[in-house]
Amino acid sequence: MPPCHIRIETRGRIGWITLNRPEALNALNTAMMGEVCAALDGFAAAREVACVVITGSERAFAAGADIKEAMDRTFPGTFMEDFLGFWERVAGFRKPLVAAVSGYALGGGCELALMCDILIASETARFGLPEGKIGVMPGAGGTQRLARWVGKAKAMDLCLTGRMMDAAEAERAGLVSRLVAPADLLPVAQEAAEAVAEKSQVAMMMTKESVNRAFETSLAEGLRFERRVFQALFATRDQKEGMAAFAARRPPIFEDR
C-alpha cells in the first residue's frame, strides 16, 4: 500500500521524504513515522541513493506529535510497546540525512530534525519542545540531543519554559547548520545533499559514524575510533581513486567500494 502521509521521490542520487499532513501541520503520528522509517529502509537498500533530505511544508516541518493519538495511552501500554522507540530508526539511518526546515518544528518535529546530520533552516523556522505545557516531557530524544547540540543552559530554557526559538537564535546556538531565505531552502538542501553524494559513500558513512561517536564516548576513545576508520579507508578502491584523481588533477570517479 503506497504511503499516504509522506511523499517520496529521488532526484539524482538524493532521496527526498516530504511530510504531508497539511491539515495537521504535519503532526507526527505512528502511521506517518512508520512510513518515514519504511522510506528510509528503501533508501538504505538503494545503492544509487547517497543522501536523503527530509522536509515538510512552508508552514510547518512538523508541528509536534499527534496529541489525539497519545492522550488516552497508559504507562503499561507505552512501556510494553516501547512507544516512540521505533523513531530511533531515523537516527540509526547510516547514510547522511539533511533536514530542510521551514515554519514550525516543535515537539516531535524538533526531535525529528535533531536526528538529522545537517539541518538547513528557512528564516521562518521556529524550534521548540513545548511538551511540558501538556503535562509530559520530550520523549524522542529532545532532552538528550538538544543538550548535546546547544548546551545545558539553552536546552533547560527551551524544555522547561516551552518557548519557541526562532531560526536566527537556533543558528547562533549551533542547532542550525545553515540559515537561508525561504525561497532558497529546498535548492540549498538539494545542493548540500549533492555535495555529500558526489563523494565516496563509504567515506561519508564512516565520517557520519565517527562524528556521532564524539558524543557517545571519551575524547581518547573517539580519537582511537577515528584513526581506525581512517586507516580502514585505505582498504577501499575509493581511497585509491580519490588520491590518484587528486594527483592527476581530474575529478574522481567513485565506486562506493
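Residues numbered from 1 in each chain as written. Predicted model: local features only at pLDDT ≥ 70, side-chain atom pairs only at ≥ 80, totals over all residues. Heavy atoms only, no water.

Participant: So, the overall build of the protein chain: which residues are in play, and what are the values?
Facilitator: Counting its secondary structure elements, the protein chain contains 12 helices and 10 strands. Here the protein chain has a C-alpha radius of gyration of 19 Å; the compact-globule value for 257 residues is 18 Å, and the two agree. Principal axes of the C-alpha set define a box for the protein chain whose edges measure 60 × 45 × 40 Å. Buried residues in the protein chain amount to 44% of all 257 residues. By element, 58% of the accessible surface of the protein chain is carried by carbon and sulfur atoms, the whole surface being about 13,500 Å². Here the protein chain contributes 31 positively and 32 negatively charged side chains, and the mean placements of these two sets differ by 5 Å. (Helix = DSSP H or I, 4+ residues; strand = E, 2+ residues; numbered from the N terminus. Rg over C-alpha atoms; globule rule 2.2 N^0.38 Å. Buried < 20%, exposed > 50% of the residue type's maximum accessible area, 1.4 Å probe, protein only. Areas by Shrake-Rupley, 256 points an atom, 1.4 Å probe, with all protein chains shown as cover. Lys, Arg positive; Asp, Glu negative; His and termini not counted. Charge placed at Lys NZ, Arg CZ, Asp CG, Glu CD.)

Participant: Which residues make up unusual backbone geometry, and what are the values?
Facilitator: Unusually for a residue other than glycine, Leu-25 sits at a positive phi of about 50°. Checked against the element boundaries, Leu-25 lands in the loop between β2 (14-19) and α1 (30-45). Residue Leu-25 is classed as partly exposed on the basis of its relative accessible area of 23%. We note that Asp-82 has phi near 55°; this positive angle belongs to a residue other than glycine. By the secondary structure assignment, Asp-82 is in the loop between α3 (75-80) and α4 (88-91).

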